[in-house]
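So the chains spell out like this:
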Amino acid sequence: DAAPEAARGADIVLVMVTDGPASDKVLDEGVLDAMRPGSLVLVMSSIPVETAQGQAARAAAKGLRYIDAPVSGGEKGATEGTLAIMAGGDGKDFDEVLPVLQVMGRATLVGPAGSGSLAKLCNQLIVGNTLATVAEALLLARQGGADPEAFIRAVSGGFADSPILQHHGRRMIAGNFAPGGRSSIQLKDLRTAKALAAKVGLALPVMDRVTELYEELVQKQGGADKDQSAVYLEIARLN
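Calculation rules
Residues numbered from 1 in each chain as written. Predicted model: local features only at pLDDT ≥ 70, side-chain atom pairs only at ≥ 80, totals over all residues. Heavy atoms only, no water. Helix = DSSP H or I, 4+ residues; strand = E, 2+ residues; numbered from the N terminus. Rg over C-alpha atoms; globule rule 2.2 N^0.38 Å. Contact = heavy atoms within 4.5 Å. Areas by Shrake-Rupley, 256 points an atom, 1.4 Å probe, with all protein chains shown as cover. Lys, Arg positive; Asp, Glu negative; His and termini not counted. Charge placed at Lys NZ, Arg CZ, Asp CG, Glu CD. Salt bridge = Lys/Arg side-chain N within 4 Å of Asp/Glu carboxyl O. Buried < 20%, exposed > 50% of the residue type's maximum accessible area, 1.4 Å probe, protein only. Core = buried A, V, L, I, M, F, W, Y, C linked by side-chain atoms within 4.5 Å. Axes fitted to C-alpha atoms, helices over the stretch in contact; angles between N-to-C directions. Parallel < 35°, antiparallel > 145°, perpendicular 65-115°, else oblique. Nonpolar A, V, L, I, M, F, W, Y, C, P; charged D, E, K, R; others polar. Pairing = 2+ DSSP bridges. Right-handed = clockwise from strand over helix to strand, strands pointing away. Patch = residues over 30% accessible without salt bridge, like charges linked within 9 Å, V, L, I, M, F, W, Y side chains within 5 Å. Expected span 1.5 Å × (residues − 1). Arc of directions from axis to C-beta.

A. Structural context of the overall build of the protein. Summing up its helical and strand segments, the protein has 11 helices and six strands in all. Taking 239 residues into account, the globule formula puts the C-alpha radius of gyration at 18 Å, and the protein, at 19 Å, falls close to it. In terms of overall dimensions, the protein has C-alpha extents of about 65 × 35 × 30 Å along its principal axes. Contacts in the protein between residues far apart in sequence, at least 24 positions, make up 66% of those at least 6 positions apart. When the accessible surface of the protein is totalled, it reaches about 11700 Å², and 57% of it is carbon and sulfur. Here the protein contributes 23 positive and 28 negative side-chain charges, whose respective centroids are spaced 3 Å apart.

B. Structural detail: the pattern of salt bridges. Within the structure shown, the criterion is met by 19 salt bridges. In this structure, Arg-153 engages Glu-149 in a salt bridge whose closest nitrogen and oxygen atoms are separated by 3.9 Å. Highlighted residues: Arg-153 and Glu-149, both in helix H7 (residues 148–155), separated by four residues, approximately one helical turn. On the accessibility criterion, Arg-153 (51% relative accessible area) is exposed. Since its relative accessible area comes to 24%, Glu-149 is described here as partly exposed. Put simply, Asp-189 and Lys-188 hold a salt bridge, and the shortest N to O gap is 3.0 Å. One exposure class covers both Asp-189 and Lys-188, and it is buried.

C. View of the nonpolar core. Counting residues in hydrophobic clusters, the biggest one holds 28 residues, and the most contacted among them are Leu-131, Met-172, Tyr-214, Val-231, Tyr-232 and Ile-235. Broken down by element, the residue count for this core peaks at eight residues, all from helix H6 (residues 115–143). Once residues lying within four places of it in the same chain are set aside, the contact partners of Leu-131 are Ile-164, His-168, Met-172, Gln-186, Tyr-214, Gln-228, Ser-229 and Val-231. Among the nonpolar cores identified, the runner-up in size contains 17 residues, and Ala-7, Leu-27, Ala-56 and Leu-64 belong to it.

D. Focus on the packing of H6 against helix H10 (residues 205–219). Where H6 meets H10, the axes come as close as 9 Å, and the angle between the chain directions of the two elements is 70 degrees. The angle between the axes of H6 and H10 places the two elements in the roughly perpendicular class. Facing Leu-125, Gly-128, Asn-129, Leu-131 and Ala-132 of H6, the residues of H10 in contact are Val-206, Met-207, Val-210, Leu-213 and Tyr-214. Of the residues that constitute the contact of H6 with H10, the class distribution is eight nonpolar, two polar and no charged.

E. Region of interest: the pairing of strand S2 (residues 40–43). Neither face of S2 is exposed, since Leu-40 and Leu-42 on one face and Val-41 and Val-43 on the opposite face are all buried. Relative to S2, strand S1 (residues 12–15) runs parallel, the two being bridged by four bridges. Looking at S2, one finds that Ile-12 is bridged to Leu-40. Handedness of the crossover is the feature at issue here: the chain leaves S1, passes through helix H2 (residues 20–34), returns alongside S2, and the resulting connection is right-handed. Bridge count between S2 and strand S3 (residues 65–68): four bridges; the pairing is parallel.

F. How the structure looks around a nonpolar patch on the surface. A surface patch of nonpolar side chains, about 240 Å² in accessible area, is lined by Leu-14, Met-16 and Val-100. Take Leu-14: it is sitting in strand S1.

G. Fine view of helix H8 (residues 163–174). Between its first and last C-alpha atoms H8 spans 16 Å; for 12 residues at 1.5 Å apiece the expected length is 16 Å, and the two agree. Turning to H8, its buried residues number three or more, namely Ile-164, Leu-165, His-168, Gly-169, Arg-171 and Met-172. Take H8 and look down its axis: the buried residues cluster within an arc of 155 degrees, on one side only. Across H8 from its buried face, at more than 90 degrees, point the exposed residues Pro-163 and Ala-174. Contact partners of the buried residues in H8: H6, H7 and helix H11 (231–238).

This is how it looks when you write it as structure tokens:
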């Protein structure tokens, strides 16, 4: 009963839980009913596009407004208030909730309800694919006789540079796979992106292969609770 009680009388109710089923449960088991008409539901979970659209419809049926606004930036971004926030919903509603979002990071309205979740899936596709590519590059550098740390310094500032290379690449070199963003969550998002791609008729072969790597890491190699950079371990294992 704690969630509905917290929602009662609030102007804005923020929901950030693990996945689509969890956010549906929070909303549908008391929170939407507890909210007063005209108030706003802000769902910041990483959920499927159709889940966000369904939540928006159920909120509207109860006289509520809705924005989906998942984030990217990991534990570091959350701690420092520098998250990238991708929002979907009405423009006036977004303007109203913007001061709340700006406390956590930089927010951008991408489109109507569901668009934030779509942008997050595209973000996770880039993250997953880039993690795997960085892992391959570092393995090749090491196997070819170069110092992987020196390689990162050498390409810093060039087209191959990225936050993933700088942060997760160094995790890979150090063998530090203590979870920031868990591999199980990365796999969940890749599976969701893969399902959406199939629904809209797109073949995304790189993402398909990266998803297979995470499937193996999480389902067969015990890597569910390792950091998402642990895809390095799976590619190393293949070699």
